[in-house]
Amino acid sequence: MSRYTGPVEKIERRLGASLSMKGERRLAGKSALEKRPYAPGQHGQRRAKVSEYGSQLREKQKAKFMYGISEKQFRGLFKEAARREGNTGSLLLQLLEQRLDNVVYRMGFATTRRFARQLVTHGHVLVNGKKLDIPSYRVMPGEKIEIAEKTKDNAQVNRALELTNQTGIVAWVDVEKDKKYGIFTRIPEREEIVIPVEERFIVELYSK
């Protein structure tokens, strides 16, 4: 399955969770999920019983759409997490959090991961002083992520940083807002990653 490019709020309504896909609109309380907290379509308001497989699939879809990656990429990260020693679900989320596009988002340079991915692919992001246009690049502790000089006055980047006064910035990055750079200081612990995903269902799904 290729990366989804359709209406993101329809996905949030179908999965019944805010996946941080609409940025400022969500913060303003104007998201479609808040206005219509039920699935889209003619029968969206019906309360359907969800099977065990359905629950597992839904959690995988939440994570996949939230981080904006393809099925192939997601499966690859799961396989890597499963090979490592430790809790597979927690390791999977940590690997997702280390993606460059996600780190750009977490540092507050973008209101959504989708916009963060655009910044990266269009060459507006530097890693340790060098341009890097690979959203899936795995950021390691101590690496410096910076908005390129030509983009530092970008209105969307400035607005995103302004909104961090309202939303805050996660504890595992250290950001210099004025200079538009940040340091990925450490890999977050599972309890610090606040997302509406129960990763144990994903592990159960892929372990069949």
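This is a predicted model, so every value here is computed, not measured.

Draft legend 1. Structural detail: helix H9 (residues 155-167). For H9, with 13 residues, the first-to-last C-alpha span of 18 Å sits near the 18 Å given by 1.5 Å per residue. A distance of 2.8 Å separates the backbone nitrogen of Gln156 from a side-chain oxygen at the start of H9, and that oxygen is part of Asn154. Of the residues one or two after H9, Gly168 is the one with positive phi, at around 85°.

Draft legend 2. The side chain of Thr164, seen in detail. Relative to the elements of secondary structure, Thr164 occurs in helix H9. Among the polar contacts made by the side chain of Thr164, one reaches the main-chain carbonyl oxygen of Leu161 at a distance of 2.4 Å. A polar side-chain atom of Thr164 sits 2.8 Å from a polar atom in the side chain of Lys177. Excluding residues that lie within four positions of it along the chain, Thr164 makes contacts with Gly108, Ile169 and Lys177.

Draft legend 3. Structural context of the pairing of strand E5 (residues 181-184). Of the two faces of E5, the one lined by Gly182 and Phe184 is fully buried and the one lined by Tyr181 and Ile183 carries no buried residue. Relative to E5, strand E3 (residues 144-147) runs antiparallel, the two sharing 3 bridges. Note that in E5 the partner of Ile145 across the bridge is Gly182. Relative to E5, strand E4 (residues 173-176) runs antiparallel, the two being bridged by 4 bridges. Its bridge partner being in E5, Val173 is matched across the sheet by Phe184. Count of turn residues in the E4/E5 antiparallel hairpin: 4 residues, of which Lys180 carries a positive phi of about 55°.

Draft legend 4. Looking closely at the pairing of E3. Bridging between strand E1 (residues 125-127) and E3 involves 3 bridges; their strand directions are antiparallel. Along E3, the bridge assignment pairs Val127 with Ile145.

Draft legend 5. Region of the structure containing the pattern of salt bridges. One pass over the structure, following the stated rule, counts 16 salt bridges. For the salt bridge of Glu71 with Lys60, the shortest nitrogen-to-oxygen distance reads 2.8 Å. Placement of Glu71 in helix H5 (residues 71-83) and of Lys60 in helix H4 (residues 52-67) is noted, with a sequence separation of 11 residues between them. The pair formed by Glu71 and Lys60 is uniform in burial state, with each residue classed as buried. The structure contains a network of salt bridges with shared partners spanning Lys60, Lys64, Glu71 and Arg75.

Draft legend 6. Broad picture of the sheet that holds E4. Strand order in the open sheet formed by 5 strands is E2-E1-E3-E5-E4, and the pairing between neighbours is antiparallel. Strand pairing shows two members of the sheet lacking a second neighbour, strand E2 (130-131) and E4, which therefore form its edges.

Draft legend 7. Highlighting the packing of helix H6 (residues 88-97) against helix H10 (residues 199-206). Viewed as axis vectors pointing N to C, H6 and H10 meet at an angle of 105°, and their least axial separation amounts to 8 Å. Relative to H10, the element H6 is oriented roughly perpendicular. Here Thr88, Gly89, Ser90, Leu92 and Leu93 of H6 lie close against H10, whose contacting residues are Glu199, Ile202 and Val203. Among the residues making up the contact of H6 with H10, the classes are represented as 4 nonpolar, 3 polar and 1 charged.

Draft legend 8. Spatial organisation of the nonpolar core. Within the largest apolar cluster, 42 residues are counted, with the highest numbers of intra-cluster contacts made by Phe74, Leu92, Leu96, Leu100, Val104, Val125 and Ile145. Each of domain 1 (8-96 + 195-207) and domain 2 (97-184) accounts for three or more of the residues forming this core.

Rules behind the numbers
Residues numbered from 1 in each chain as written. Predicted model: local features only at pLDDT ≥ 70, side-chain atom pairs only at ≥ 80, totals over all residues. Heavy atoms only, no water. Helix = DSSP H or I, 4+ residues; strand = E, 2+ residues; numbered from the N terminus. Expected span 1.5 Å × (residues − 1). Polar contact = N/O pair within 3.5 Å; in protein donor to acceptor, adjacent residues only side chain to side chain. Contact = heavy atoms within 4.5 Å. Buried < 20%, exposed > 50% of the residue type's maximum accessible area, 1.4 Å probe, protein only. Pairing = 2+ DSSP bridges. Salt bridge = Lys/Arg side-chain N within 4 Å of Asp/Glu carboxyl O. Axes fitted to C-alpha atoms, helices over the stretch in contact; angles between N-to-C directions. Parallel < 35°, antiparallel > 145°, perpendicular 65-115°, else oblique. Nonpolar A, V, L, I, M, F, W, Y, C, P; charged D, E, K, R; others polar. Core = buried A, V, L, I, M, F, W, Y, C linked by side-chain atoms within 4.5 Å. Domains from an automatic or database assignment.

None of the figures reported here should be taken as evidence of function without further support.
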